[in-house]
Every structure is written in structure tokens, then in C-alpha cells.
Amino acid sequence: MKIVSVFNNVLGPVMRGPSSSHTAASYHIGKLARDILGVTPKKVRISFDNGGSYGKVYAEQGADKAFVAGLMDWDLLDDAFHDALSLAAKSGAEISFGNGDFPGADHPNWVAIELEADDGRKTRVIAKSIGGGSVLVTSIDGHGVSLRGDAWVTLLRPRPGAPEIERAARPQYGDVSVSTKNGETLVIVQNAAKPADERLDALRRDGYTATVVRPVFFPIAGEPLFRSAAELADYATSRNISVGEAALAYECALLGLSREDAMREMRRRYNVMKSACERAIAGKLAMPMQLLHPTAQKIMESGRKGTLPFFGLHTRAAIRAMAVMHANGAMDVVCAAPTGGSAGALPGTVITLEEELDLSEEKVCMALWAAGAIGIILDTRATFAAEVAGCQVEIGAGGAMASAACVEASGGTVAQTLDAAAIAFQNTMGSVCDPIQGIVEIPCHTRNASAAAGAFVNADLIIGGYENDIPLDETVDAVFEVGKMLPSELRCTSLGGLSICPSALAMKRLR
């Protein structure tokens, strides 16, 4: 069973827009593939399956640049990202993309990467982007593996005369698995800690080649404290703590962090959210979006001048959510919440809570931790990938997380926090993912805005006495089942919904 972290999978990664599945995850896959080869490659072929969504939108969503940045071991947040393709070519790297029919492709975001080094070394990596920036490497040179980027990995290959596997991969080395295919053996060792140089030297003296694959996320050092909303409720109520405090304890136990370090990292991520919002409201985007002109600044100014008929707390949260999505669409730096396509709803809500209700820094962080708890439940039981289950698990999730944040910030109970998230999901169940021209802008902007505004309504309804009879766990399960029933045309392929309206197809690109 997958292990979900708030920082690794829910309120993160800190990324460059527009898509966590197609931008952030592509970078992570590229970086892991580079390390699996062992050096920066000089020749790469990246292949997508004709039946998936990757091959249809990879250029529009910046996946090509992201793959290259990861393969070249560059920082995703560096402005050089925008010129990744040309910079890689200038360095002498040959990187190509293509689609084909791959019978083994079992996910919409399936990719095969063939890499070659200067010295002739070659490797073939198969991976999936599984939602919210999370990844899964499933094959290395035909050997079945399961690498999620949340551990230090050592790949061992015995040379003739090397000792038995059991001797080389002693239990103290970490989680060890062995694969033998076509007479070749691959030993995979995963550990939360970086392998010691002396241990690697000993393995090499024993006759093994040893390649270290760095984690792209916080390494998992412990076990989850809960895996369901019911377990979360029991954990929190038995200790008389809030949902936010429970999520903070969960993350500290899972990643081996102190409370102070976890709170510091949460403040850093909130500052990323807030900075993206402020830049967009001030009209300081680094580059244009692809379809939309930025309007958050204009709408906010109209409201402050008194020319909007209903310029309340909900509208201001909606404007701030749209502002973050402006930054996301402009390939600026944002924090997935839980994805790039849903990066606006939670920040718009929490920034409004802080600025207009005078929340302390501690309460802001606790609101975000409560939101993170909802994300843990969804990703453990389902997915954040709209390619798999539609917009309901992206912007729908962002709205549910924002609803929980509102209840946490207002001092609501554990049950009220979970119920607010549940009704938010119930309100968005069945929503399709239909980005116009494969771009994360329309209808993503206004959906994020509506989700932010709706978070306050959901909180008021539950705190005011609405009785939710379908608990969060059952709601999430239903959302996932409905999502899997959606045809592929309505799951991020731009082949249905608003994507095929004549006006949508006729829209002119701004860049």
C-alpha cells in the first residue's frame, strides 16, 4: 500500500506550473532516470503511449521542458527551465519525444525512457506519473521495481565471481529486493538514509557495480499513524487534539521530523503560495499565460472601488485563488495543493483567512495541516490524478481541503472538519477534466475560484448544524469509483467536455 506524506504528496511539491502530473512529475521521473543511468545522458528517447494523456498534452503542459531539466540534473525552479530544450541541445544532449502503441502501458501517464551515456552505458526506464507530482518507476532494463522517489536507492549488479546476493545485501543495508531476468541480476536496496561511502566501497570490492539514486522527495522514515478518516478521527479525539494537530503528528512520525522542522517547512510552503498570489495580484507575472489574460488584479480593484455587487469574503478568496492559478498558468513557482491544476483553491482560502480574519501564523499552519489530513485520506484511498478520476480528485480535492481548513481555523470539532470536507466532495462528484487545448487554464481558473468561495459555505453549513450522513471515507470511495467510470475523453485528454466546443478550439494562443 502506498504511503502518503503531506509534504511529498499533498501540499507539495513546490513546483513550476502548470501541471503537477505533467510538469513536476515529469521532472521527478527525468531526475530519477538520470540517476539510474548513473551520469547525465547524451542521448535520450522518451516515448508515450497513444492511448494515454501524456502524449496528447506534454508540450502544452511543459512536460518536455520538465523531463529535460530532470535528465540534465537542473533545478526545476531555475528560470533556465523555460529554455531547457535549447540549453540541453547546446550542451550536446540529443533528446527526442514520440508516441507509439505500447501494449504494456497500464496508466494514462505512462512513459518509457531510453538513455545512453557518453561511455556507451545504456538503460531503459519505465515510469508513471500517478498524480500530484508523485511518480512510480516500475521497470529498469526489464526488471520489475517499485521506486517512488521517497528513499535512497542503491542499484547493485554483480560481476562474475561476486559473492551471493544474501551476503552482499545484508538486512542492515535496508529494504532489499532481487530481480533476475535473462540471466542478469539486479539488487535494489531502499533506505531512508543516504548509503555510507564505506558501505558502497565494500560492495564494489565484493564485485558489484553500485549506482545510487537520490530521493526527489523527503525519505519515508516511519509508518503512517492513520490511513482513513475513521482512524484519523479516533487518533485525534482520543488525544483531544484537532485534525491539524493530528496531521502534524502524522508527518513528524512518517518523515522523522521534529515539530519545529515540520512547522518551518509548512511556513515555507505557505510563503510560496502567498508569494504567487501577491505577484499575480500586483500584475508581476514572469510571462503570459497561454490562453487567458490575467484578470485577478482587475477584479480585486473593481471590488475595492465598490463597483462589484457582491464583493464579500467569498469573492475575495475566489480572486486570490484565481491569482495563484495565473501564476501557475504562467509557469511561475507555486505549491501544488494537491496538484498544479488545483493550486489555487486552498491558498486563496487560507490567505483570506489570514489577512481578513487576522489569523496567527500558528493557526494558518494548523489550517494547512488540517487540509493536508484530507489529502492524506484521498490519496491513500484513491488518487490525485485527473487522468484517472477526473477533476473531482484535483480541484474537488482542493475545495474539500479548503473546507477543512476553514473549520480548523474557526475552532470546529474533528467531526465537523471531516464532514465539511465530505460535503465538498459530494458537491463536486463526477466533475470532468476537460482543459481547453490541453492547457491548465480554462476551466481550471474559475473552478478553483468557486472551490475557494464554496469552502466558507461548507464550513458554515456544517458548523451551523447540517447533518452529513455519508462519512468522508465512503464519500472518497464513491468519488474514486465514479471517476473510474468516466470515459477517457473526460479525463485530461482534451477530447470531450468544454475542450471540444467550437469556441474552445478556435481560441488563439497568447504564447
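Everything below is about the structure printed above this text.
The text that follows walks through the structure, step by step, so that each part is easy to find. These numbers come from a predicted model, not from an experiment.

**Describing the packing of helix α14 (residues 361-381) against helix α19 (residues 472-485)**
One can describe the packing of α14 onto α19 by two numbers: an axis separation of 10 Å at closest approach and a directional angle of 50°. For the element pair α14 / α19, the angle class is oblique. Crossing geometry of α14 relative to α19 is assigned as right-handed. Of the residues in α19, those in contact with I374, I377, L378 and R381 of α14 are L472, D473, V476, D477 and F480. When the residues that make up the contact of α14 with α19 are grouped by side-chain class, the tally is six nonpolar, no polar and three charged.

**A word on the sheet that holds strand β7 (residues 143-147)**
Pairing is mixed in the open sheet, where six strands are placed in the order β3-β2-β4-β5-β6-β7. Of all strands in the sheet, those with a lone pairing partner are β3 (94-100) and β7, marking the two edges. Averaged over neighbouring strand pairs, the angle between their axes works out to 20° when direction is ignored. When strand β4 (residues 110-116) meets strand β5 (residues 122-131), the two strands line up antiparallel, connected through seven bridges. Each bridged residue has a counterpart across the sheet, and for E114 the counterpart in β5 is R124. On top of the sheet, helix α2 (residues 20-37) reaches β4, β5 and β6 (134-140); it is set at about 155° to β5, its chief contact. Its contacts with the sheet place helix α4 (residues 63-71) against β2 (43-49), β3 and β4, and it is angled at close to 135° to β3.

**Thoughts on the nonpolar core**
L11, L346, W369 and L472 are the most contacted members of the largest nonpolar core, which has 117 residues in total. Apart from the residues within four sequence positions on either side, W369 is in contact with V6, F7, G244, A247, L248, E251, A262, M263 and M266. Within the second largest apolar cluster, 38 residues are counted, among which are A63, L155, V213 and V216.

**A short note on the sheet that holds strand β10 (residues 184-191)**
Ordered by their spatial adjacency, four strands build an open sheet running β9-β10-β8-β11, and the pairing between neighbours is antiparallel. Edge strands, defined here as strands with exactly one partner in the open sheet, are β9 (175-181) and β11 (208-213). Within the sheet, the average angular offset between the axes of one strand and its neighbour, ignoring direction, is 20°. Pairing between β9 and β10: seven bridges, direction antiparallel.

Quick notes on the rules
Residues numbered from 1 in each chain as written. Predicted model: local features only at pLDDT ≥ 70, side-chain atom pairs only at ≥ 80, totals over all residues. Heavy atoms only, no water. Axes fitted to C-alpha atoms, helices over the stretch in contact; angles between N-to-C directions. Helix = DSSP H or I, 4+ residues; strand = E, 2+ residues; numbered from the N terminus. Parallel < 35°, antiparallel > 145°, perpendicular 65-115°, else oblique. Left-handed = near helix turned anticlockwise from the far one by under 90°. Contact = heavy atoms within 4.5 Å. Nonpolar A, V, L, I, M, F, W, Y, C, P; charged D, E, K, R; others polar. Pairing = 2+ DSSP bridges. Core = buried A, V, L, I, M, F, W, Y, C linked by side-chain atoms within 4.5 Å. Buried < 20%, exposed > 50% of the residue type's maximum accessible area, 1.4 Å probe, protein only.

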